[in-house]
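As a plain string of letters, each chain reads:
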Amino acid sequence: MARFSPSYAVSRMKPSATLETAQLARDLKSQGRDVISLATGEPDFNTPLHIVEAAHRAALDGKTRYSPVGGVAELREAVTRKLERDNSLTIDPGNVIVSNGAKQVISNAFIATLNPGDEVIIPAPYWVSYPELVGMLGGTAVIAQTRAPDFILTPQELERRITPRTRWLVLNAPGNPTGAIYSEVELKALGDVLARHPHVWLMTDDIYEYLAYGSARFMTLTQAVPMLGDRTLVINGVSKAYAMTGWRIGYAAGPAGLVKAMGKVQSQLSSGANMVAQYAAAAALDGPRTEIDAFVCTYEDRRNKAGAVLQSVHGIQLKLPDGAFYLFPSCKQLLGKKTLEGKVIDSDAAFASELLQREGVAVVPGSAFGAPGHFRTTFAVATDLLLEASQRIKRFAESLQ
Ligand SMILES: Cc1ncc(COP(=O)(O)O)c(C=O)c1O
């Protein structure tokens, strides 16, 4: 029988830990187990009606053919209006590219720019896909450490990680998994370092932009440091803010040469994004914010309630996040303890695995995000389930001896 052997690229890649954990939870559920999954970063709300109606109208109007590779003009123009309105960025629609989710935008950008050995600075804790995509292309993910509980990249750490081979710095705020948001002062401090290293390009992944709580205010890097505009790719999308994960629309705005190269990549990989979904995304960006604001209020309430339960657990440290929809507690003080059956919890992975087996709650181990000793839960799940899951986490953690 022919033996399958994967490519070099695939053999270097880890599967997505978040999707794997979510699948494990689904499998256990289908076996009849009572499982609550806090594993995926996906709003539990339905897409607002006016957005669905815009898609319906587009389909009825025959917008069902191949889209231009970079996206339909209506959406690219809506993106420029959004960037002007929310981020004070004036961008030509020709410098915008629309893709099959922000994930494809990011992949396109790396494929368009990285050569083997090129370095990409990724602050940890990081979204699981950045280092995998870089590694797949033969690039080197250079991990810059940030410190709990704020998880903000310092100018000193950034400076330390830059080499002549650095191609990109990836900045994701509000961050997945930490929810960290950079203040204007913090962005300007990073800008001072970047000003000294003009060969470093900036990828700002702003996909959680609207999900900011309390007094936290989001600002994108080029808003704080406009002179970085000619080497910054601003990435965003509709998945998280508008409860549109399944529509698969993300976009980026950046320098013409880069956007053109990304379009070339996309033209061979996948062509233009789903046409009907693009009209839905345009309606989302141009439409009212009422429902989005209501989503954010609900997330904030859940953050406070679930956060309070976890903060009350002896051995768990948690600062409430400023944004996104994840809690990222430390379970370091629980490591070394034993379950009632005598199993030693020697890592965050063991913590997550025993929690799933004993209490039926799926969380993602922090090691997947480059932060061992932590775990990630989402609060984008129904409040009653979230609170039940939080109580189970408490019961499990307090049962450890
Ligand atoms: C930080 C970050 N960037 C990008 C994405 C991908 O979003 P999309 O659904 O637009 O591909 C995610 C999804 O989890 C994310 O957390």
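Our subject is the structure listed above.
Here the structure is a predicted model, which means the values were calculated and not measured.

(A) Examining the packing of helix 13 (residues 348-359) against helix 14 (residues 383-399) more closely. Axis separation between helix 13 and helix 14 bottoms out at 10 Å; the angle between their running directions is 110 degrees. Judged by the inter-axis angle, helix 13 sits roughly perpendicular to helix 14. Remark: the crossing between helix 13 and helix 14 carries right-handed chirality. For the pair helix 13 and helix 14, contact is made by Phe 351, Glu 354, Leu 355, Arg 358 and Glu 359 and by Arg 392, Ile 393, Arg 395 and Phe 396, respectively.

(B) Fine view of the sheet that holds strand 12 (residues 375-378). Strand order in this open sheet of three strands is 9-12-11, and the pairing throughout is antiparallel. Sheet topology places strand 9 (326-327) and strand 11 (364-365) at the edges, where each strand pairs with a single neighbour. Bridge analysis of strand 11 against strand 12 gives two bridges, and the strand direction is antiparallel. Bridge pairing in strand 12 places Val 364 opposite Arg 376.

(C) A look at the site of the ligand. Taken together, 13 residues surround the ligand, and among them Ala 102, Asp 205, Tyr 208, Ser 239 and Lys 240 come closest. Contact distances for the ligand include 2.8 Å between an oxygen atom and a side-chain N or O atom of Asn 176. Protein coverage of the free-state accessible area of the ligand, which is 390 Å², stands at 92%.

(D) Spotlight on the pattern of salt bridges. Inspection of the entire model under this criterion finds 21 salt bridges. Taking the shortest distance from any N to any O, the salt bridge between Glu 388 and Arg 392 comes out at 2.8 Å. With Glu 388 and Arg 392 both in helix 14 and four residues apart, the pair spans about one turn of that helix. When its relative accessible area of 6% is taken as the criterion, Arg 392 is described as buried. Among the charged side chains, a salt-bridge network with shared partners connects Lys 82, Arg 85, Asp 86 and Glu 209.

Reading the values: rules and limits
- Residues numbered from 1 in each chain as written.
- Predicted model: local features only at pLDDT ≥ 70, side-chain atom pairs only at ≥ 80, totals over all residues.
- Heavy atoms only, no water.
- Axes fitted to C-alpha atoms, helices over the stretch in contact; angles between N-to-C directions.
- Helix = DSSP H or I, 4+ residues; strand = E, 2+ residues; numbered from the N terminus.
- Parallel < 35°, antiparallel > 145°, perpendicular 65-115°, else oblique.
- Left-handed = near helix turned anticlockwise from the far one by under 90°.
- Contact = heavy atoms within 4.5 Å.
- Pairing = 2+ DSSP bridges.
- Near = heavy atom within 4 Å.
- Polar contact = N/O pair within 3.5 Å; in protein donor to acceptor, adjacent residues only side chain to side chain.
- Areas by Shrake-Rupley, 256 points an atom, 1.4 Å probe, with all protein chains shown as cover.
- Salt bridge = Lys/Arg side-chain N within 4 Å of Asp/Glu carboxyl O.
- Buried < 20%, exposed > 50% of the residue type's maximum accessible area, 1.4 Å probe, protein only.

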